[in-house]
Amino acid sequence: MKAAVRAPVPEPVRAVHLFRDVVQLLVVATVALTLWADAPASGGGFAEAAVMSNQTFGSLYAARSQTAVHVWASVAEQPGEAAAAVGLLFVTISMMGNSPVAWVMATLLCSVKQPDWERHVALLTRVFGGEDAFLFHGFGIVVWLLFAGLFLVHGLLLLPLEWGYPRWLADLKIQPDKTVGAAKLQKVARVSLLNLLLVLPYIIFFTLIRKWSDGRYGVRHDGEFPSKKQQLFQFGALLLVDEVLFYYSHRWFHTPAMYARFHKQHHEFTAPFALSAIYAHPVEFFLSNLIPFTIGFIPLRTHMVFVYIWVTGAVLGTQTHHSGYRFPWIAFFDEQPFFHDYHHAKFNCNFGNMGVLDLLHGTDMMYKAETKKRDAALLAKKAA
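Residues numbered from 1 in each chain as written. Predicted model: local features only at pLDDT ≥ 70, side-chain atom pairs only at ≥ 80, totals over all residues. Heavy atoms only, no water.

Right, let's talk about the environment of phenylalanine 233 for a bit. Tracing the sequence through the fold places phenylalanine 233 in helix α9 (residues 228-252). In this structure phenylalanine 233 comes out as exposed when scored by relative accessible area, which is 53%. With 145 residues separating them along the chain, phenylalanine 233 and leucine 88 place their C-alpha atoms 9.2 Å apart. (Helix = DSSP H or I, 4+ residues; strand = E, 2+ residues; numbered from the N terminus. Buried < 20%, exposed > 50% of the residue type's maximum accessible area, 1.4 Å probe, protein only.)

Rendered as structure tokens:
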């Protein structure tokens, strides 16, 4: 079996990747600050200004300069909030896999402001009614549609790569000798659709915690709209909760009894693909996937707008980790999907998402040793 580890990266290529990541960070900062500052765009914005025949280059330049001045003034007035806006967009795009789809979804969700949210709540109120319980049923349905819709659409977009990828993508596939047959795909479809259906009652139950606790716990949609600092804090706290619960529950499902009864199903694919991300026994899916990435909502009283961001990040992120491809837009510092692909190839290592607890417990040693071995082999080949 071919090892699913990171391939050695030549120094010139490494330099190009680092330069690309720096450029991306600058672009993220520009987009995040412009959206956060709500910069006015004279002449109706970039798209409209580009098509208006009576706009001269000078007037367009003046408009853009005015926007830049407005953004800079906002940054000087609230530097902490500005830094949080940049940080939030950066980590959200990274969580979603850095793909073009990730850029679109992260930019749309991170640009939502109080007036946008009020219009969204008003729409759901008209559809589901103003009573709190019914309104939160509406939020639950929206979250489920976001979860299921993204999972199916994004997964199906990546599926053709498993049936004959273009030659120029061959080097991006981590285990190029593995493909997915039609029979296995049908089995994945049945199990995944069942798990997607189970998500809906779980989400609606979750939204009702607010009512049962008189608003002390659970997600919220009203009150103060969360600042970028608050959203960034929520991101860090939820990421920590998810990493701890996922790592230890995942290791638990690798104990002999739990593996044979539940987790073996997920490991039928030694080379995973995007739609197999939730191909798991419902018990495992509930205990090791749903709970770790949502349970933090209860004590943190996460605002529903950030729930949308977090759920989108979880879906696109886990499909990237299971995609079997190291796409060129993934950041150089990110070990995924090599890290999780290696777990599927070897079974008894790389249990976490970020690798922090794997480092602490030494469960990444096999992966690191094989990576160093390949790096050494490349150096020896160059020296020969």
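Soluble globular proteins tend to pack their nonpolar side chains together in the buried interior. In this structure, Trp117, Phe139, Phe147, Phe273, Met304 and Tyr308 are the most contacted members of the largest nonpolar core, which totals 70 residues. Among the elements that make up this core, the one with the highest residue count is helix α13 (residues 304-321) (11 residues). Dropping the residues within four chain positions of it, methionine 304 is found in contact with Trp117, Phe136, Phe139, Val143, Thr207, Val219, Arg220 and His221. By size, the runner-up hydrophobic cluster in this structure holds 7 residues, among which are Leu158, Leu161, Ala274 and Tyr325. (Core = buried A, V, L, I, M, F, W, Y, C linked by side-chain atoms within 4.5 Å. Contact = heavy atoms within 4.5 Å.)

Because each turn of an α-helix spans 3.6 residues, side chains separated by three or four positions in sequence point in the same direction. For helix α4 (residues 79-95), which comprises 17 residues, the first-to-last C-alpha distance of 24 Å matches the rise-based estimate of 24 Å (1.5 Å per residue) to within 8%. Buried within α4 we find Glu81, Ala82, Ala84, Ala85, Val86, Gly87, Leu88, Leu89, Thr92 and Ile93. (Expected span 1.5 Å × (residues − 1).)

So, on to the pattern of salt bridges. Taken as a whole and judged by the stated rule, the model has 4 salt bridges. Of the charged contacts, one joins lysine 187 and glutamate 268 as a salt bridge, the two residues approaching to 3.4 Å between their closest N and O atoms. With a gap of 81 residues between them, lysine 187 in helix α8 (residues 182-212) and glutamate 268 in the loop between α10 (256-261) and α11 (282-294) connect regions that are remote in the sequence. For arginine 210, the salt bridge goes to aspartate 222, with nearest N and O atoms at 3.0 Å. Of this pair, arginine 210 sits in helix α8 while aspartate 222 sits in the loop between α8 and α9, and the two are 12 residues apart along the sequence. Arginine 210 gets classed as buried once you look at its relative accessible area, which sits at 10%. Owing to a relative accessible area of 33%, aspartate 222 belongs among the partly exposed residues under this scheme. (Salt bridge = Lys/Arg side-chain N within 4 Å of Asp/Glu carboxyl O.)

Here we take up the packing of α8 against α11. Following both chains from N to C, one finds α8 and α11 inclined at 45°, their axes separated by 11 Å at the closest point. The pairing of α8 with α11 is recorded here as oblique in orientation. When you trace α8 past α11, the crossing you get is right-handed. Together, Leu194, Asn195, Leu198, Val199, Tyr202 and Phe206 of α8 and Pro282, Phe285, Phe286, Leu290, Ile291 and Thr294 of α11 make up the contact between the two elements. (Axes fitted to C-alpha atoms, helices over the stretch in contact; angles between N-to-C directions. Parallel < 35°, antiparallel > 145°, perpendicular 65-115°, else oblique. Left-handed = near helix turned anticlockwise from the far one by under 90°.)

This model, assessed by the stated rule, comprises 13 aromatic pairs. Considering the side-chain rings of phenylalanine 206 and phenylalanine 297, the 6.0 Å spacing of their centres and the 85° angle between planes classify their relative orientation as edge-to-face. With phenylalanine 206 in helix α8 and phenylalanine 297 in helix α12 (residues 297-300), this residue pair connects regions lying 91 residues apart in the sequence. Each member of the pair, phenylalanine 206 together with phenylalanine 297, is buried. Between tyrosine 342 and tyrosine 367 the ring centres are 5.3 Å apart and the planes differ by 65°, which places this aromatic pair in the edge-to-face class. (Phe/Tyr/Trp six-rings, centres within 6.5 Å; stacked < 30°, edge-to-face > 60°.)

So yeah, pure geometry; function would need other evidence.
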